[in-house]
Amino acid sequence: GQQLNQSPQSMFIQEGEDVSMNCTSSSIFNTWLWYKQDPGEGPVLLIALYKAGELTSNGRLTAQFGITRKDSFLNISASIPSDVGIYFCAGRRDNNNDMRFGAGTRLTVKP
Amino acid sequence: DAGVIQSPRHEVTEMGQEVTLRCKPISGHDYLFWYRQTMMRGLELLIYFNNNVPIDDSGMPEDRFSAKMPNASFSTLKIQPSEPRDSAVYFCASRESGNEQFFGPGTRLTVL
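Computed from a prediction, not measured in an experiment: that's the story for all the values here. (Residues numbered from 1 in each chain as written. Chains lettered and ligands numbered in written order. Predicted model: local features only at pLDDT ≥ 70, side-chain atom pairs only at ≥ 80, totals over all residues. Heavy atoms only, no water.)

(A) Spatial organisation of the interface of chain B and chain A. At the interface, 15 residues of chain B touch 17 residues of chain A. Interface area for chain B against chain A, summed over the two sides, is near 1400 Å², with a carbon-plus-sulfur share of 47%. Of all residues in chain B, Leu43, Glu100 and Phe103 of chain B give up the largest surface area on contact with chain A, accounting jointly for 41% of the area buried on that side. Between the two partners, chain B and chain A, sit one salt bridge. One salt bridge connects Glu100 of chain B with Arg92 of chain A, and the closest N-O pair in it is separated by 2.7 Å. No other element matches the four residues that strand β4 (residues 31-38) of chain B contributes to the side of chain B that touches chain A. (Contact = heavy atoms within 4.5 Å. Buried area = accessible area lost by both parts, 1.4 Å probe. Salt bridge = Lys/Arg side-chain N within 4 Å of Asp/Glu carboxyl O. Helix = DSSP H or I, 4+ residues; strand = E, 2+ residues; numbered from the N terminus.)

Here's what the structure looks like:
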């Protein structure tokens, strides 16, 4: 099947530091998405990428769609305590409804 | 605006009992999805509907699982009989054609 490898599994950082996480796949995806999940809640969409090479920002978040279509990364600049949570990448191929999710990156931010 | 609504938020039941999870999608959304989240397998798509019709149920684990969408504003996921390995968080999501999915808050199911 289409496996998404997300790394790192977890990160412990100091408030103010920058964060970087990525997702790779053996298969090509036409869409890459990044979600954040807070405890006891569902995933919330942060950034969607639709074009190879695309670089998109949402506030302190920046994500890129890899040129090979097999990877994506998410950067968070100047982290704050409310950035704590689990970040998931998701990839989608031609079928607009079959998304595959990475295993998640658990982020802890120390004040 | 109300997002995707799921009930109950928590369910504890005993093995062998029937469990019914409920979802109300965002008004106007024509796609509805059911996912399961576990530590071991992460987020998995179980089934999705388009205009109340099941389109792909290949992710449904086995015959004990069934899902229905009797109208545009309501869907159920039923497990009968439930087993301890069904313990997980079940998410419902909905979307409008051309847009991305919005997830509900989930139902945490524990089967003893």
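(B) Spatial organisation of the sheet that holds strand β8 (residues 74-79) of chain B. All names here are of chain B. Read across the open sheet, the four strands follow the order β1-β3-β8-β7; overall the sheet is antiparallel. In this open sheet, the two edge strands, each paired with only one partner strand, are β1 (5-7) and β7 (65-71). Strand-to-strand, the axes of this sheet are offset by a mean angle of 20°, without reference to chain direction. Examined bridge by bridge, strand β3 (residues 19-24) and β8 share five bridges and lie antiparallel to one another. Paired with Val19 across the bridge in β8 is Ile79. (Pairing = 2+ DSSP bridges. Axes fitted to C-alpha atoms, helices over the stretch in contact; angles between N-to-C directions.)

(C) Looking closely at the state of the cysteines. All chains considered together, the criterion is met by two disulfides over all chains. Shown here is the disulfide that connects Cys23 of chain A with Cys89 of chain A, its sulfur atoms set 1.6 Å apart. Here the residue Cys23 of chain A occupies a position in strand β3 (residues 19-25), and Cys89 of chain A occupies one in strand β9 (residues 85-92), the gap between them amounting to 66 residues. Across the pair, exposure class does not vary: Cys23 of chain A and Cys89 of chain A are buried alike. Each sulfur in the disulfide pair Cys23 of chain B and Cys92 of chain B lies 1.9 Å from the other. Between Cys23 of chain B and Cys92 of chain B, the S-S dihedral sits near -70°, and the bridge is therefore left-handed. Within this pair, whereas Cys23 of chain B is found in strand β3, its partner Cys92 of chain B is found in strand β9 (residues 88-95), the two being separated by 69 residues in sequence. You can call Cys23 of chain B buried: its relative accessible area is 1%. (Disulfide = S-S within 2.5 Å. Buried < 20%, exposed > 50% of the residue type's maximum accessible area, 1.4 Å probe, protein only.)

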